[in-house]
Amino acid sequence: MCEIMTIIAACAFTVLYFVGRRRGQPSKAAFTAMLMFWGAALMWSVDCVAEKLSGEPLLDLSREDTILGFIIIGAGLLVYAALAVIDRQSRLRAG
């Protein structure tokens, strides 16, 4: 389940970044969060394939895996929020 959740978060932050970039306001925080979630999705993809090769199901849809997914998403959102605040303060200081 955490694989599915990180892929959805990665897609959401990818859209957020490219919409902001298209408007002429690229966000370093969105870019960083996008890369973090794509990295997590890649990591979980490798883990899912390794589990499948060892005879387990491809996706783990257990309660514990869902909780882990929420922890990953929450941590990523906290990092994004902190970076967004720092980015906004640096833009205000610059002019």
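See above for the structure.
Residues numbered from 1 in each chain as written. Predicted model: local features only at pLDDT ≥ 70, side-chain atom pairs only at ≥ 80, totals over all residues. Heavy atoms only, no water.

## Describing the nonpolar core
1) Next: One finds F13, F37, W44, I72 and I73 to be the most contacted residues of the largest nonpolar core, which totals 14 residues.
2) Next: Where this core is concerned, the elements lending two or more residues are α1 (2-22), α2 (28-53) and α3 (63-94).
3) Next: Not counting residues up to four positions away in its chain, the partners in contact with F13 are A30, A33, M34, F37, L77 and Y80. (Core = buried A, V, L, I, M, F, W, Y, C linked by side-chain atoms within 4.5 Å. Buried < 20%, exposed > 50% of the residue type's maximum accessible area, 1.4 Å probe, protein only. Helix = DSSP H or I, 4+ residues; strand = E, 2+ residues; numbered from the N terminus. Contact = heavy atoms within 4.5 Å.)

## Side note on the pattern of salt bridges
1) Next: According to the stated counting rule, one finds one salt bridge in the structure shown.
2) Next: Of the charged contacts, one joins D87 and R91 as a salt bridge, the two residues approaching to 3.5 Å between their closest N and O atoms. Placement of the pair is D87 and R91 together in helix α3, with a separation of four residues, close to one helical turn.
3) Next: By relative accessible area, which is 42% here, R91 ends up partly exposed. (Salt bridge = Lys/Arg side-chain N within 4 Å of Asp/Glu carboxyl O.)

## What to know about the packing of aromatic side chains
1) Next: For the coordinates displayed, the defined rule picks out four aromatic pairs.
2) Next: Both rings, one in Y17 and one in F18, keep their centres 5.1 Å apart while their planes meet at 70 degrees; by these two values the pair is edge-to-face.
3) Next: Residue classification places Y17 among the buried residues on the basis of a relative accessible area of 13%.
4) Next: You can call F18 partly exposed: its relative accessible area is 41%.
5) Next: Where Y17 meets F31, the ring centres are 5.2 Å apart and the plane angle is 50 degrees; that geometry is what we call tilted. Here F31 lies in helix α2 and Y17 lies in helix α1, a separation of 14 residues in the sequence.
6) Next: The partly exposed category is assigned to F31, whose relative accessible area is 33%. (Phe/Tyr/Trp six-rings, centres within 6.5 Å; stacked < 30°, edge-to-face > 60°.)

## Some thoughts on the environment of A9
1) Next: Structurally, A9 is set in helix α1.
2) Next: Considering only alpha carbons, one finds A9 and F31, 22 residues apart in sequence, at a separation of 12 Å.
3) Next: Not counting chain neighbours up to four residues away, the residues in contact with A9 comprise F37 and I73.

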